Structure formats: structure tokens, C-alpha cells
Amino acid sequence: MPMLKILVGTMYGGALDVAEQVKPLFESAGYEVDILEQPTVSDLTDSPTDLALFCVSTTGSGDFPGNFVPFARGLDEQCPGLTDLRYGVIALGDSSYGETFCGAGRQLDEMLQGLGATRLGDRLEVDAMETFMADDAAIPWVEEWIDAQQLKVA
């Protein structure tokens, strides 16, 4: 069974809620799913990862949430080769912050691509000003993402 890791960066639990809501969609598509609330670079490099989904909130002025800072710092310092990694990004933010809207998700996406990883499909950016419950946007996006990438193995 292929492995999907959902790496979560959250301040108040919104991104974790999204991860928990989309997990069954991937399980139905035949994936073993592991949600990582304190992700490390070794979670991607030291064990099999067929697919990764990043659910990341933005804090402050486009910053990573505290639980995600060690992961982002590790990517920056270790510069692991991630050429085999296929991933998706669900970025959560608030458009009232202007240019820093979804800054953490956008920055992570750039970092991963710079390390050779391949993003599958478009990044989902969820605006708290328009969508009260982020999973209302994430669930249909994940359903389409699974279908578009032909990830079903069942």
C-alpha cells in the first residue's frame, strides 16, 4: 500500500483539522496515511514517502507556525535532495494581511521545488476571510487532486 504523509504546520489547529478531514479521502483511494504534527526532514528522507501533502497555516507576516519552524529550518540547512518527492500544498491564510497572504505555504512550495520536489497540481490557498471552515475548500480540492493525478490504487 503506498504511503501518504500529511505534514502539518498549525498555530490554532485549523491546518490539523484539514489534515484529519482529508485523511479518509486518501485512505479510500488506497493510501496508508500518516499525519505528522511535528514534522522533521527525516520524515521525508529516512522512510518511504510515495506522496506528501503539506497543510500549512501562515502566522504573523507570512511566517511558518511554531511547530513547523524546525522542519523549514531543516530544509534550509540540510538542503536534502528531494527529486523523488511528489507533493501537494494546502496553504491557509487571511487575505487581510495583503502580500503575506498564505506566505508560509508559498514559501514552502518554493523551498520544495528548489530541492527538486515535484508539486502535483496547483497549490490550494484558503482565505479565512472567505471560507470559515478551511476543510470546506480542502475536501473538494483533494477529491479533484486525487482524480487529476490518478492516485487511486484501489
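Residues numbered from 1 in each chain as written. Predicted model: local features only at pLDDT ≥ 70, side-chain atom pairs only at ≥ 80, totals over all residues. Heavy atoms only, no water.

**Remarks on the environment of Ala-117**
Thinking step 1. The topology assignment puts Ala-117 in the loop between α4 (103–114) and β5 (118–119).
Thinking step 2. Ala-117 sits 30 residues away from Tyr-87 along the chain, and the two C-alpha atoms are 7.4 Å apart.
Thinking step 3. If we skip the residues at most four places from it in the chain, Ala-117 touches Leu-82, Leu-85, Tyr-87 and Leu-112. (Helix = DSSP H or I, 4+ residues; strand = E, 2+ residues; numbered from the N terminus. Contact = heavy atoms within 4.5 Å.)

**A closer look at the nonpolar core**
Thinking step 1. The biggest cluster of nonpolar side chains holds 26 residues, and the ones touching the most others in it are Ile-6, Phe-26, Leu-53 and Ile-90.
Thinking step 2. Elements with a minimum of two residues in this core: β1 (3–9), α1 (14–28), β3 (51–57), β4 (86–93), β6 (124–127) and α5 (134–148).
Thinking step 3. What Leu-53 contacts, discounting residues up to four positions off in sequence, is Leu-4, Lys-5, Ile-6, Leu-7, Val-22, Phe-26, Gly-88, Val-89, Ile-90 and Trp-141. (Core = buried A, V, L, I, M, F, W, Y, C linked by side-chain atoms within 4.5 Å. Buried < 20%, exposed > 50% of the residue type's maximum accessible area, 1.4 Å probe, protein only.)

**A short note on α1**
Thinking step 1. Between its first and last C-alpha atoms α1 spans 23 Å; for 15 residues at 1.5 Å apiece the expected length is 21 Å, and the two agree.
Thinking step 2. Where α1 bends most, the angle comes to about 30°, and this point is Val-22, followed within four residues by the proline Pro-24.
Thinking step 3. For α1, the full list of buried residues reads Ala-15, Leu-16, Val-18, Ala-19, Val-22 and Phe-26.
Thinking step 4. Looking at the packing, one finds that the buried side of α1 touches β1, β2 (32–36), β3, β4 and α5.
Thinking step 5. Positive backbone phi, at 100°, marks Gly-30, one or two positions downstream of α1. (Expected span 1.5 Å × (residues − 1). Bend = angle between axes of the 7 residues up to and from the residue.)

**Side note on the packing of α1 against α5**
Thinking step 1. At a minimum axis distance of 9 Å, the contact between α1 and α5 shows a crossing angle of 30°. Classified by the angle between their axes, α1 and α5 sit roughly parallel to one another. In the crossing of α1 with α5, the sense of the turn from one axis to the other is right-handed. Residues Asp-17, Val-18, Gln-21, Val-22, Leu-25 and Phe-26 of α1 form the contact with α5, whose participating residues are Ala-134, Asp-135, Ala-138, Ile-139, Val-142, Glu-143, Trp-145 and Ile-146.
Thinking step 2. Class assignment of the residues belonging to the contact of α1 with α5 gives a composition of 10 nonpolar, 1 polar and 3 charged. (Axes fitted to C-alpha atoms, helices over the stretch in contact; angles between N-to-C directions. Parallel < 35°, antiparallel > 145°, perpendicular 65-115°, else oblique. Left-handed = near helix turned anticlockwise from the far one by under 90°. Nonpolar A, V, L, I, M, F, W, Y, C, P; charged D, E, K, R; others polar.)

**Describing the packing of aromatic side chains**
Thinking step 1. If you walk through the whole model with that rule in mind, you get 7 aromatic pairs.
Thinking step 2. Both rings, one in Phe-54 and one in Phe-71, keep their centres 6.0 Å apart while their planes meet at 40°; by these two values the pair is tilted. Of the two residues, Phe-54 is situated in strand β3 and Phe-71 in helix α3 (residues 69–78); the sequence distance between them amounts to 17 residues.
Thinking step 3. Looking at Phe-54, the relative accessible area reads 0%, which means it is buried.
Thinking step 4. Here Phe-68 and Phe-71 contribute two aromatic rings whose centre-to-centre distance is 5.0 Å and whose plane-to-plane angle is 55°, an arrangement assigned as tilted.
Thinking step 5. For Phe-71, a relative accessible area of 0% translates into the label buried.
Thinking step 6. By way of ring pairs, the aromatic residues Phe-54, Phe-64, Phe-68, Phe-71 and Tyr-87 are connected into one cluster. (Phe/Tyr/Trp six-rings, centres within 6.5 Å; stacked < 30°, edge-to-face > 60°.)

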